[in-house]
Number of protein chains: 2
Amino acid sequence: MPPRAAGGHTRVQSLDRALGLLDLLADAGRPLGLSELASAGGLPVSTTHRMLASLTASGHLHQAPDRRYRLGPRLVALGGAAMLPVGPDVPAWLSQLVASTGETTNAATLCGDAVLFVAQVQSAQAMRTSTEDYRRTLPHCSAVGKALLSLLPDSEVVSLADRVGLPRRTSRTIDSVEGLLWAVAQVRLSGYAVDDEEEEYGARCVAVPVPAAPFPLAVSVSGPTSRVTPERVPAIASELARVVRAA
Amino acid sequence: MPPRAAGGHTRVQSLDRALGLLDLLADAGRPLGLSELASAGGLPVSTTHRMLASLTASGHLHQAPDRRYRLGPRLVALGGAAMLPVGPDVPAWLSQLVASTGETTNAATLCGDAVLFVAQVQSAQAMRTSTEDYRRTLPHCSAVGKALLSLLPDSEVVSLADRVGLPRRTSRTIDSVEGLLWAVAQVRLSGYAVDDEEEEYGARCVAVPVPAAPFPLAVSVSGPTSRVTPERVPAIASELARVVRAA
DNA sequence: ACTCCCCTTCCGCATTCCGAAAGGAGCTGG
DNA sequence: CCAGCTCCTTTCGGAATGCGGAAGGGGAGT
């Protein structure tokens, strides 16, 4: 029985598993039963149950009368506390930007190797961008993604690209590491990033990084190419910079 | 060696400890070093380190260049996802209420045996109520607290009161279980709760429960007794009910 | 350069957690 | 009304897993 050949394992199994369950619930977006969670997480039922019991007892999970589990109030507190350092300013920024640009705005951060949307205010217009809340996307094909990468050293950008690859989403998606590095360098120079139908046809986004934040953070404005025209991009970028810098 | 005499063992030690560390960080409100966390949590340094490594690897914690730990982006996501079911409506409710009443508004939930504020929009007025974000308070002496308790069966209210006691904050604080039950019954009848200088002299609050929410939730308006007069209370209460019911 | 402090890594012991299987509880269909 | 189902909960022996004392770096202050 190979006790464990190699590897600098400095991780706690039960903890990783339990946190995996939390993420599972977050991604599902709906309450899940014990057996659902167990099979989704690839764990024995009884192990899962024990963990859920612990999480429930501490308030990180909440068990509905129908025995299903959903994310609990304590996580709300933790999430809020995690956002505190950047201030409760973010929602205000987004509202302001929606007012001044008329388009949907997002705030996103880098979580693992993925871009994670943490806040959103939608445009009032009928045709609008609207990502699912707390959805993840990839860094190389979004404006926020490139803005976030610009906060990292090139070496990190390269290793991240190696890990996740650069899958094509449209014909304009950046598909080489060099291209990505160049794009990121552009962001550092100009102070803003653009996604020109690189993630989805018909959508154009502008984003700026928020360097002062204690963790990587970026804010973006996105809308249909018909309204967010190339000519408008610089104006939107400086509006973004203005709002974010007013912190 | 007593392996552990009695008790319902359905808890995972390492998990509880790790989550305790998270709460510790949330309560501290500032980045903490390894040794600080270890001693605050009453754990050996190396155990703590292993857990922090796991938490950091998964993105639930973020380690700054100076080696200190702060809450990470993944927690932002979890917190947000936990709030989703009540909709991103809550901030909107609060803004609306601040606009129509001119006073500070809060949303709170029941976390363990404590009331936990999860969102706040402050009044624009110079003299205003302003709780620290994500602070906890006790159920028996706040309007939100009583509103939250009204969502629970009486038996739960009693056992909660037994666990945490009913410490006096002012001369008007409810100090008997009977008094609390009566107050809670009133809330169920009238649909709203009032805190009449029961937590702090000079402050009066009105709160309504949000029964549709997937976990206990209540929204309150609070301000100085000079502006939030007894005569105004019914109007504020119906305004609260209107906004919350418009969900 | 020396010292102190804090973070990181190592490694043997046994505590702690794991997970198959048995024991309820609730629901559906016959 | 009962049989059969599914899903949740609890038990229990085995051992893998995490625990924590102690030693090994690295950086800052003196």
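On a predicted model such as this, the values are computed, not experimentally measured, just so you know.

## Quick notes on the protein's contact with DNA strand C
Now for step 1: The local shell around DNA strand C holds 18 residues, among which Ser46(A), Arg50(A), Gln13(B), Ser14(B) and Ser35(B) are the closest.
Now for step 2: Of everything in DNA strand C that lies within 4 Å of the protein, sugar and phosphate atoms constitute 75%.
Now for step 3: When grouped by side-chain class, the residues that make up the surface near DNA strand C number five nonpolar, 10 polar and three charged.

## Thoughts on the domain arrangement of chain A
Now for step 1: By domain assignment, chain A separates into domain 1 (13-77) and domain 2 (87-245).
Now for step 2: On a C-alpha basis, the centroid separation for the pair domain 1 of chain A and domain 2 of chain A is 32 Å.

## Some points on the relation of the copies chain A and chain B
Now for step 1: Superposing chain A onto chain B takes a rotation of 180 degrees combined with a translation of 0.0 Å along the rotation axis, leaving an RMSD of 0.2 Å. Considering both components of the superposition, the chain copies are consistent with a two-fold axis. Relative to the rotation axis, the closest C-alpha in chain A is found at Gly79(A), a distance of 2.2 Å.
Now for step 2: Counting the interface residues of chain A, we find that 98% of their copies in chain B are interface residues as well, pointing to one common contact surface.

## Examining the protein's contact with DNA strand D
Now for step 1: The immediate surroundings of DNA strand D are formed by 18 residues, with Gln13(A), Ser14(A), Ser35(A), Ser46(B) and Arg50(B) found nearest.
Now for step 2: Counting only atoms of DNA strand D within 4 Å of the protein, the fraction found in sugar and phosphate groups is 72%.
Now for step 3: Within the backbone of Ser14(A), a nitrogen or oxygen atom sits 2.9 Å from a phosphate oxygen of DNA strand D.
Now for step 4: The separation between a phosphate oxygen of DNA strand D and a polar main-chain atom of Leu34(A) is 3.1 Å.
Now for step 5: When contributions to the surface near DNA strand D are tallied by element, the ones reaching two or more residues are α1 (13-28), α2 (34-41) and α3 (45-57) of chain A together with α1 (13-28) and α3 (45-57) of chain B.
Now for step 6: It is α3(B) that contributes the most residues to the surface near DNA strand D, four residues altogether.

## Regarding the layout of surface pockets
Now for step 1: When its volume is computed, the second largest pocket comes out at roughly 640 Å³.
Now for step 2: Those elements giving two or more residues to the lining of the second largest pocket turn out to be α3 and β1 (61-63) of chain A together with β3 (104-111) and α7 (154-164) of chain B.
Now for step 3: Grouping the amino acids of the lining of the second largest pocket by side-chain chemistry returns 17 nonpolar, six polar and four charged.

## Details of the UniProt feature "domain: HTH iclR-type" (unreviewed entry) in chain A
Now for step 1: Mapped onto this numbering, the UniProt entry gives "domain: HTH iclR-type" (unreviewed entry) at residues 12-73 of chain A.
Now for step 2: Measuring from the first to the last C-alpha atom of residues 12-73 of chain A gives 25 Å, for a span that is 61% helix and 10% strand.

## A few points about the interface of chain A and chain B
Now for step 1: Counting residues at the interface gives 49 residues for chain A, matched by 48 residues for chain B.
Now for step 2: Summed over both partners, the interface of chain A with chain B buries about 4,200 Å², with 74% contributed by carbon and sulfur atoms.
Now for step 3: Counting the contacts that link chain A with chain B gives two salt bridges.
Now for step 4: Linking Arg74(B) and Asp23(A) is a salt bridge whose minimum nitrogen-to-oxygen distance equals 3.0 Å.
Now for step 5: Mapped by element, the contributors of at least two residues to the side of chain A that touches chain B are α1, α3, β2 (69-71), α4 (73-83), β3 (104-111) and β4 (114-121) of chain A.

## Here we look at empty space enclosed by the protein
Now for step 1: Under the defined criterion, the tally for this structure stands at two cavities of 30 Å³ or more.
Now for step 2: In this structure, the largest cavity occupies an estimated 40 Å³ of space.
Now for step 3: In terms of lining, the largest cavity is formed by Leu19(A), Leu22(A), His60(A), Leu75(A), Leu78(A), Leu19(B), Leu22(B), His60(B), Leu75(B) and Leu78(B).
Now for step 4: Put simply, the parts of the chain that give the lining of the largest cavity at least two residues each are α1 and α4 of chain A together with α1 and α4 (73-83) of chain B.
Now for step 5: Across the lining of the largest cavity, the residue classes tally to eight nonpolar, two polar and no charged.
Now for step 6: If you go around the second largest cavity, the residues you meet are Pro139(B), His140(B), Leu149(B), Leu160(B), Ala161(B), Val164(B), Gly165(B), Leu166(B) and Leu180(B).
Now for step 7: Counting residues per element, the lining of the second largest cavity draws most heavily on α7(B), at three residues.

## Let's talk about the packing of helix α7 (residues 154-164) of chain A against helix α8 (residues 177-190) of chain A
Residues and elements named next belong to chain A.
Now for step 1: Orientation of α7 relative to α8, taken along the N-to-C sense of each, is 140 degrees, at an axis distance of 10 Å. Taken together, the axis directions place α7 and α8 in an arrangement best described as oblique. Between α7 and α8 lies a crossing whose hand is right-handed. Contact residues: Asp154, Val157, Val158 and Ala161 in α7; Val177, Leu180, Leu181 and Arg188 in α8.
Now for step 2: Tallied by class, residues from the contact of α7 with α8 come to six nonpolar, no polar and two charged.

## Notes on the environment of Leu55(A)
Now for step 1: Along the chain, Leu55(A) falls in helix α3.
Now for step 2: If sequence neighbours within four positions are ignored, Leu55(A) has contacts with Ala18(A), Leu22(A), His60(A), Leu61(A), Leu15(B) and Leu19(B).

## Describing the confidence of the model for chain A
Now for step 1: For chain A, the mean per-residue pLDDT works out to 86, and 91% of the residues sit at or above 70.
Now for step 2: Under a pLDDT of 50 for its full length, residues 1-8 of chain A has, in the predicted model, one contact with residues more than four places off or in other chains.

Parameters at a glance
Residues numbered from 1 in each chain as written. Chains lettered and ligands numbered in written order. Predicted model: local features only at pLDDT ≥ 70, side-chain atom pairs only at ≥ 80, totals over all residues. Heavy atoms only, no water. Near = heavy atom within 4 Å. Nonpolar A, V, L, I, M, F, W, Y, C, P; charged D, E, K, R; others polar. Domains from an automatic or database assignment. Least-squares fit on C-alpha atoms with pLDDT ≥ 70 in both. Contact = heavy atoms within 4.5 Å. Polar contact = N/O pair within 3.5 Å; in protein donor to acceptor, adjacent residues only side chain to side chain. Helix = DSSP H or I, 4+ residues; strand = E, 2+ residues; numbered from the N terminus. 1 Å grid on protein atoms, 1.4 Å probe; cavity = no way out; pocket = protein on both sides within 12 Å on 5 of 7 lines; lining within 4 Å. Points joined across faces, edges and corners; volume = space filled by probe spheres on them. UniProt positions renumbered as here; feature names shortened; annotations may be inferred. Buried area = accessible area lost by both parts, 1.4 Å probe. Salt bridge = Lys/Arg side-chain N within 4 Å of Asp/Glu carboxyl O. Axes fitted to C-alpha atoms, helices over the stretch in contact; angles between N-to-C directions. Parallel < 35°, antiparallel > 145°, perpendicular 65-115°, else oblique. Left-handed = near helix turned anticlockwise from the far one by under 90°. pLDDT = per-residue confidence, 0-100.

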